[in-house]
Amino acid sequence: MEFGLSQEQVQLVDSLTRFLKDAGGLDRARKFAADDEGRAKDLIEGLAQIGIAGLIVPEAHGGVGMSFVDAALVAECLGHGVAPVPYIGASVLAPLALELAGSDAQKSAWLPRIAAGEVSIGVALAESTGAREGAGVDCKDGKLSGRSLFVIDFEADAYLVADRSGRLHLVAADAAGLSRKPLKTVDTTRPTGELSFEGVKAELLPGSEDGRVLRRLIDVGRVMLAADTLGAAQNMLDQAVAYSLTREQFGRPIGSFQAVKHMCAEMAASLEPCRAFVWYAAHALDALPAEATLTACHVKAHLAEVGTFVARTSTEVHGGMGFTDLVGLHYWFKRIGFNRQMLGSPESVREEAARAQQLVA
Amino acid sequence: MDLSYSKEHESFRREVAEFLRSHAKEAPKGGAQRSPEALKWQRLLIEKGYAARTIPKEYGGFGAEPDILKSRIIAEEFAKAQVSSGLGGQGISMLVPTLLEMGSEAQKREFIAPTLRGELVWCQGYSEPGAGSDLANLRTSAVLDGDEWVVNGQKIWTSTAHLADWIFCLVRTEPDAPKHQGISFLLFSMKTPGIEVRPLIDMTMNRNFNEVFFTDVWVPKQQIVGARGEGWKVANSILRHERGSLADPNIMSSRLNALIEVLKRETVDGRRVIDNPVFRDRLMQIQGRVMAMQANDLRLLSAQVNQQNPGIAAMIVKLQGTELRHELEQLAIDAMGELGLLYGDTPYLRDQGSWQHQYMFFLGLIIGGGTSQIQKNIISERGLGMPREPKVAKA
């Protein structure tokens with residue numbers, strides 16, 4: 001019985017946090033947004049060197065072969081550092097799909113290059129958790145047509161695309177008949193966009209026929225988004241406390257007023273159990289198959305609610321400065337907002353949780 | 001991460017389950033703490049090591065080495081079987097651990113064994129009308145006269161005072177010392193002349209509390225735990241104990257399951273409440289929060305096993321656990337609508353009125369044992385390192 005982080009996991013978090021800080025932290029995220037970089041090459045290369053790109057890629061294919069708990073810790077660090085890098089799609093969902101559903105040839109073609117940080121695969125499956133604007137992709141005779149919106153890790157060399165029947169396909173970014181259109185969201189740290197397919201030749205992942213792998217990807221993606229929110233919210237809480245100890249009004253630090261202390265205590269009280277909850281949900285992906293979907297739904301929805309509360313409350317503790325671009329707190333605020341809507345809003349994910357327990361007639 | 005138990009613990013779990021299968025019939029079914037069945041059951045549990053497990057044998061316990069996982073397994077198996085896990089109350093849960101830590105050898109020998117067996121029932125004399133959140137402001141005085149303390153004053157919120165044989169009581173013995181250093185911890189019989197107990201009916205309409213008045217109550221000098229003026233230290237070690245024990249995850253999850261059944265069972269215009277998406281969403285929100293607290297509890301358990309300091313994760317349990325239970329109970333009432341209002345002996349009553357009762361009772365627990373606001377002070381000051389509110393200068 002051991003429910004906590006191992007020494008290696010603590011080291012992983014430490015080295016990743018240090019790397020992101022040395023790379024410039026918030027300033028790096030600002031520069032990424034201002035320069036419209038598309039891909040932050042320095043960060044992507046640095047992460048590949050630490051082993052993040054191949055974190056869940058099996059060792060046989062050149063990766064590190066680590067657990068979903070490790071993957072969630074990385075997501076947490078990236079959220080904490082508002083890191084403008086592809087991760088949940090490119091380093092978790094895409095390699096996972098290849099591992100679970102790819103042919104041997106597909107695995108050997110893609111996984112080692114993913115692990116080396118040489119290729120980045122965007123993930124188009126938003127329609128599987130709720131289609132907007134009538135979007136959706138159909139596959140006929142090996143060719144895709146239709147649209148997919150809000151592609152995760154949009155700046156990519158290839159895409160993993162879910163069709164309406166739940167099958168997964170690989171498409172090169174420069175494939176004939178594929179057009180790409182960026183969609184600007186409030187969160188400038190994670191570019192997203194739309195893919196339009198007009199008879200685009202695609203490579204089916206043969207193991208994805210029954211839709212089970214897609215459902216697994218959604219579970220995993222939700223836990224990763226929750227972990228990202230955990231990191232971002234923890235940072236916002238820490239910033240609120242630090243600010244309250246230096247900002248003085250009425251002749252004393254505002255952090256000595258109970259009104260402010262209680263706002264911070266409420267953030268801590270709702271956020272702290274989220275840490276164990278994210279661990280548990282990630283561990284369930286690794287080792288508790290019967291609980292994995294239910295905990296993934298609940299952790300996604302719960303972190304969305306707690307994250308939103310912390311994002312708002314931390315901003316309020318900062319007063320007017322929290323509202324400015326000067327302090328930059330809004331980078332975390334928007335990151336949390338992004339995680340809340342992607343792969344299902346809290347309401348729709350909770351409905352799935354109810355369905356997973358046969359509570360929906 | 002590894003949530004499995006060792007072979008030794010798995011076999012211990014089977015042993016507990018086997019005991020419950022063969023002995024569950026002998027367990028008392030609720031009711032009075034002092035019924036002959038309850039006392040007999042308690043003796044059996046101590047003998048088998050399922051109650052008073054780590055209390056040394058010479059003081060009437062089972063004398064096992066502390067093993068947090070075994071204690072957890074016992075709690076889980078008894079909860080699963082819905083069998084009484086023995087006597088509780090403030091004597092067993094609070095006074096016994098205190099005496100083990102701070103009591104004299106004579107006090108340990110005199111009080112612990114009969115308390116464990118349920119023969120000696122205690123009440124706790126801490127809060128006063130002017131000393132609630134600011135407990136150290138208490139004014140009940142004890143003055144040494146020869147070989148005896150003379151106690152005068154008043155206590156309030158005293159659970160089971162009308163049933164108790166003895167009281168453990170905080171009194172001011174050093175009126176000139178700073179307020180935290182002037183308090184002592186006394187033990188005395190509730191039959192001592194000069195004690196008057198008056199019932200205090202709470203909003204559940206039960207006598208969960210009393211007021212206790214002391215007028216020249218004479219207490220032998222040696223019935224003090226710790227030294228003169230050390231009472232605050234003694235009391236604080238058990239207050240921590242009380243806060244941790246208020247949010248049992250086993251009870252939380254059985255209550256959640258009962259709530260799900262209420263939503264499936266109750267109908268409006270012939271339609272099940274659970275088929276209303278608004279109620280279903282509220283239920284799922286509560287379930288998500290319960291799961292977060294269960295994961296937090298696993299983290300605390302693991303930290304305890306590994307002797308790590310869990311930090312904020314432990315400080316938030318009382319605040320989050322009581323607030324969550326209160327809201328969970330409220331959802332059942334809302335699901336029942338007008339039927340949820342029924343209380344007492346009346347037609348259409350559901351589940352013996354337990355949802356209303358628990359809903360109100362948990363509001364009491366949100367306030368008692370350190371209010372939610374005091375909890376937030378503790379979390380912000382000890383957990384987040386924020387400063388105390390400066391004292392207001394007296395006008």
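Treat the numbers as computed from the prediction; the structure is a model and nothing was measured. (Residues numbered from 1 in each chain as written. Chains lettered and ligands numbered in written order. Predicted model: local features only at pLDDT ≥ 70, side-chain atom pairs only at ≥ 80, totals over all residues.)

Enquirer: Could you give an account of the overall build of chain B, with specific residues and numbers?
Expert: From N to C terminus, chain B includes 12 helices and 10 strands. Principal axes of the C-alpha set define a box for chain B whose edges measure 75 × 55 × 50 Å. Buried residues in chain B amount to 37% of all 395 residues. In chain B, once contacts between residues fewer than 6 apart in sequence are set aside, the share between residues at least 24 apart is 68%. (Helix = DSSP H or I, 4+ residues; strand = E, 2+ residues; numbered from the N terminus. Buried ≥ 20, exposed ≤ 12 C-beta atoms within 10 Å, placed from the backbone. Contact = placed C-beta atoms within 7 Å.)

Enquirer: For the pairing of strand 3 (residues 148-156) of chain B, give the residues involved together with the corresponding values.
Expert: All names here are of chain B. Summarising the sheet, strand 2 (residues 141-145) and strand 3 pair through five bridges and their orientation is antiparallel. Of the residues in strand 3, the one forming a bridge with V143 is V150. In this structure, the hairpin formed by strand 2 and strand 3 is closed by a connection of two residues, where G146 is found at a positive phi of approximately 65°. By the bridge criterion, eight bridges tie strand 3 to strand 7 (residues 209-220) in an arrangement that is antiparallel. Counted as the bridge partner of W149 is V219 from strand 7. (Pairing = 2+ DSSP bridges.)

Enquirer: Give a detailed account of the interface of chain B and chain A, specifying residues and quantitative values.
Expert: Each partner contributes to the interface: chain B provides 39 residues, whereas chain A provides 37 residues. Secondary-structure elements contributing two or more residues to the side of chain B that touches chain A are helix 8 (277-305), helix 9 (312-315), helix 10 (317-336) and helix 12 (372-383) of chain B. For the side of chain B that touches chain A, the element with the highest residue contribution is helix 8 of chain B, accounting for 17 residues. Residues belonging to the side of chain B that touches chain A are distributed by class as follows: 22 nonpolar, nine polar and eight charged. (Nonpolar A, V, L, I, M, F, W, Y, C, P; charged D, E, K, R; others polar.)

Enquirer: So, the sheet that holds strand 8 (residues 203-204) of chain A: which residues are in play, and what are the values?
Expert: All names here are of chain A. Spatially, 1-4-5-8 is the arrangement adopted by the four strands of the open sheet, whose pairing is mixed. The two strands at the open ends of the sheet, each matched to only one other strand, are strand 1 (121-124) and strand 8. Pairing analysis gives five bridges linking strand 4 (residues 158-162) to strand 5 (residues 168-172), with the strands arranged antiparallel. The residue of strand 5 that forms the bridge with A158 is A172.

Enquirer: Account for the packing of helix 7 (residues 212-246) of chain A against helix 10 (residues 330-341) of chain A, naming residues and giving values.
Expert: Packed helices, taken two at a time, are described by the angle their axes make and the gap between the axes. Residue and element names in this part refer to chain A. Interhelical geometry of helix 7 versus helix 10 gives an angle of 155° and a closest axis separation of 9 Å. What the angle tells us is that helix 7 and helix 10 run roughly antiparallel. In the packing of helix 7 onto helix 10, the handedness of the crossing is left-handed. Each of L225, D228, T229, A232, A233, N235 and M236 in helix 7 lies in contact with helix 10, whose residues at this interface are W332, R335, I336 and N339. Residue classes in the contact of helix 7 with helix 10 are distributed as six nonpolar, three polar and two charged. (Axes fitted to C-alpha atoms, helices over the stretch in contact; angles between N-to-C directions. Parallel < 35°, antiparallel > 145°, perpendicular 65-115°, else oblique. Left-handed = near helix turned anticlockwise from the far one by under 90°.)

Enquirer: Let's hear about the sheet that holds strand 2 (residues 136-140) of chain A: which residues, and what values?
Expert: Residue and element names in this part refer to chain A. Strand order in this open sheet of four strands is 2-3-7-6, and the pairing throughout is antiparallel. Two strands bound the open sheet, and with one partner strand each, they are strand 2 and strand 6 (178-183). Recorded for the sheet is a direction-independent mean angle of 10° between the axes of neighbouring strands. Two elements, strand 3 (residues 143-151) and strand 7 (residues 192-201), share seven bridges in a ladder whose sense is antiparallel. Looking across to strand 7, one finds that G146 is bridged to F197.

Enquirer: Go over the confidence of the model for chain B with me, naming the residues and quoting the values.
Expert: For chain B, mean pLDDT is 94; residues scoring 70 or higher make up 96% of the total. Quick note on the complex model: pTM equals 0.95, ipTM equals 0.97. (pLDDT = per-residue confidence, 0-100.)

Enquirer: Just give me the short version of helix 3 (residues 68-81) of chain B, but keep the residues and values in it.
Expert: Residue and element names in this part refer to chain B. Across its 14 residues, helix 3 extends 20 Å between first and last C-alpha, which sits within 8% of the 20 Å expected from 1.5 Å per residue. All of the buried residues along helix 3 are K70, R72, I73, I74, E77 and F78. Of the residues trailing helix 3, Q82 is marked for its positive phi of about 50°. (Expected span 1.5 Å × (residues − 1).)

Enquirer: Can you explain the nonpolar core? Please cite residues and give values.
Expert: The biggest cluster of nonpolar side chains holds 161 residues, and the ones touching the most others in it are A72, A97, L160, V223, C264 and V278 of chain A. Excluding residues within four positions of it along the chain, V223 of chain A makes contact with F68, A72, A281, A282, L285, A296 and V299 of chain A. Formed by 57 residues, the second largest nonpolar core is a distinct cluster that contains A38, L45, L170 and F188 of chain B. (Core = buried A, V, L, I, M, F, W, Y, C linked by C-beta atoms within 7 Å.)

Enquirer: Outline helix 10 of chain B, supporting the account with residue identities and numerical values.
Expert: Residue and element names in this part refer to chain B. Taking 1.5 Å of rise per residue, the 20 residues of helix 10 would be expected to cover 28 Å, and the 29 Å separating its terminal C-alpha atoms lies within 8% of that figure. Counting buried positions along helix 10 gives 15 out of 20 residues, so the element sits mostly inside the fold. Looking one or two residues beyond helix 10, the residue adopting positive phi is G337, at roughly 60°.

Enquirer: Please provide a residue-by-residue account of the environment of I316 of chain B, values included.
Expert: As for its placement among the helices and strands, I316 of chain B is situated in the loop between helix 9 and helix 10. On the basis of neighbour count, I316 of chain B is assigned to the buried category, with 26 C-beta atoms found within 10 Å. Expressed as a C-alpha distance, the spacing of I316 of chain B and E338 of chain B, which sit 22 residues apart in the sequence, is 34 Å. Excluding anything up to four places from it in sequence, I316 of chain B contacts A268, A269 and E272 of chain A together with I379 of chain B.

Enquirer: Describe in detail the environment of G102 of chain A, supporting the description with residues and values.
Expert: All names here are of chain A. Here G102 shows up in the loop between helix 5 (88-101) and helix 6 (104-115). Residue G102 is classed as buried on the basis of its 25 C-beta neighbours within 10 Å. Expressed as a C-alpha distance, the spacing of G102 and S208, which sit 106 residues apart in the sequence, is 8.1 Å. Sequence-distant contacts of G102, that is, excluding residues within four places in its chain, are made with K107, L205 and G207.

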